[in-house]
Amino acid sequence: MKIEVLSLFPEFFSSFLSQSIVARAISKQALEVQTFDIRAYANNKHHQVDDYPYGGFAGMVGMIQPLWDALLPRILEGNAPVIYFSPQGRPLKQKMLCDYAQESRVILICGHYKEIDQRFRRLAVSDEISIGDYVLSGGELAAQVFIDGVARLLPGVLSDINSAQTDSFYSSSLGFPCYTRPSEFLGQQVPDSLLNGNHAKIAEWAQAEARLLTRVRRPDLLSDKDR
Ligand code: ADE
């Protein structure tokens, strides 16, 4: 999968891309990420990329020209979904990451300031995504959330893909609690159910724990009959 990122702060991505699962996805050639500096495409003398909003509102708006000129060469290379990160977008869910992980190429647009010109969104953007009900200073962190979430789903990246399938949100519930050695620490024991080697019983335990946690913390994820 190839991800092309348009940002005013491409440097934001250098450490992120060199660590952990994302770095592994890149080294295994399951993922390629290329960043592009939107400012380099501004055709005015001072490389201005934002301007005052029409209507006299507060804040600055990302200008359409640098965004358009940064995107055009990417689009000419071939058709790909263009995602813009914004608090106004649809809330990001695991299912969306699974769907995007099937794409061979995706283009991500990171805005800054108070949104970008609506005409760019209308002309060029195929999907708008929010990572939560809060406002960040720009789309870079949201794009990194997206890249991380997709990278770990690409074939060959996780050593055991079953691990992803028991994550939270796979079966409309949160994940179950996990334990590792030692079996006792400061008087705290690992649950007996995990120590008896009975795989059917262990699976039953995990399902019951996941359901309990989901009922308490995220009842909105459960159907009416499970709530
Ligand atoms: N940009 C600023 N805030 C954001 C959010 N909550 N989600 C996605 N992109 C954003």
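The rules behind each value
- Residues numbered from 1 in each chain as written.
- Predicted model: local features only at pLDDT ≥ 70, side-chain atom pairs only at ≥ 80, totals over all residues.
- Heavy atoms only, no water.
- Domains from an automatic or database assignment.
- Helix = DSSP H or I, 4+ residues; strand = E, 2+ residues; numbered from the N terminus.
- Buried < 20%, exposed > 50% of the residue type's maximum accessible area, 1.4 Å probe, protein only.
- Contact = heavy atoms within 4.5 Å.
- Near = heavy atom within 4 Å.
- Polar contact = N/O pair within 3.5 Å; in protein donor to acceptor, adjacent residues only side chain to side chain.
- Areas by Shrake-Rupley, 256 points an atom, 1.4 Å probe, with all protein chains shown as cover.
- Nonpolar A, V, L, I, M, F, W, Y, C, P; charged D, E, K, R; others polar.
- 1 Å grid on protein atoms, 1.4 Å probe; cavity = no way out; pocket = protein on both sides within 12 Å on 5 of 7 lines; lining within 4 Å.
- Points joined across faces, edges and corners; volume = space filled by probe spheres on them.

(A) Just the domain arrangement of the protein chain, in detail. For the protein chain, the domain assignment lists domain 1 (2-151) and domain 2 (166-226). On a C-alpha basis, the centroid separation for the pair domain 1 and domain 2 is 36 Å.

(B) Main features of the side chain of serine 7. Relative to the helices and strands, serine 7 resides in strand E1 (residues 2-7). Since its relative accessible area comes to 0%, serine 7 is described here as buried. Filtering out sequence-adjacent residues up to four positions away, serine 7 remains in contact with Phe13, Phe36, Asp37, Ile38, Cys110 and Glu140.

(C) Seen up close, unusual backbone geometry. Here the amide bond leading from arginine 181 into proline 182 is cis, since omega sits at 5°, within 30 degrees of zero. For proline 182, the location among the structural elements is in the loop between helix H7 (161-165) and strand E8 (184-185). Located in the positive-phi region is serine 20, a residue other than glycine, with phi close to 55°. Checked against the element boundaries, serine 20 lands in helix H2 (residues 20-27). The backbone of leucine 186 sits at a positive phi, close to 50°, despite the residue not being glycine. Within the secondary structure, leucine 186 sits in the loop between E8 and strand E9 (188-189).

(D) Structural context of the site of the ligand. The immediate surroundings of the ligand are formed by Phe85, Ser86, Pro87, Ile129, Ser130, Ile131, Gly132, Tyr134, Val135, Leu136, Gly138 and Ala142. Contact between the ligand and serine 86: a nitrogen atom at 3.2 Å from a main-chain N or O atom of the residue. Taking leucine 136, its main chain carries an N or O atom lying 3.0 Å from a nitrogen atom of the ligand. For the ligand, whose free accessible area comes to 260 Å², the fraction covered by protein is 97%. At the level of elements, strand E5 (82-91) and strand E7 (127-130) are the ones that each hand at least two residues to the shell around the ligand. When the residues that make up the shell around the ligand are grouped by side-chain class, the tally is eight nonpolar, four polar and no charged.

(E) Local environment of empty space enclosed by the protein. This structure, assessed with the given rule, holds one cavity of 30 Å³ or more. In this model, the largest cavity occupies a volume close to 70 Å³. In terms of lining, the largest cavity is formed by Leu8, Ile38, Val49, Gly62, Met63, Leu67, Cys110, Gly111, His112, Tyr113 and Ile116. Residue composition of the lining of the largest cavity, grouped by class: eight nonpolar, three polar and no charged.

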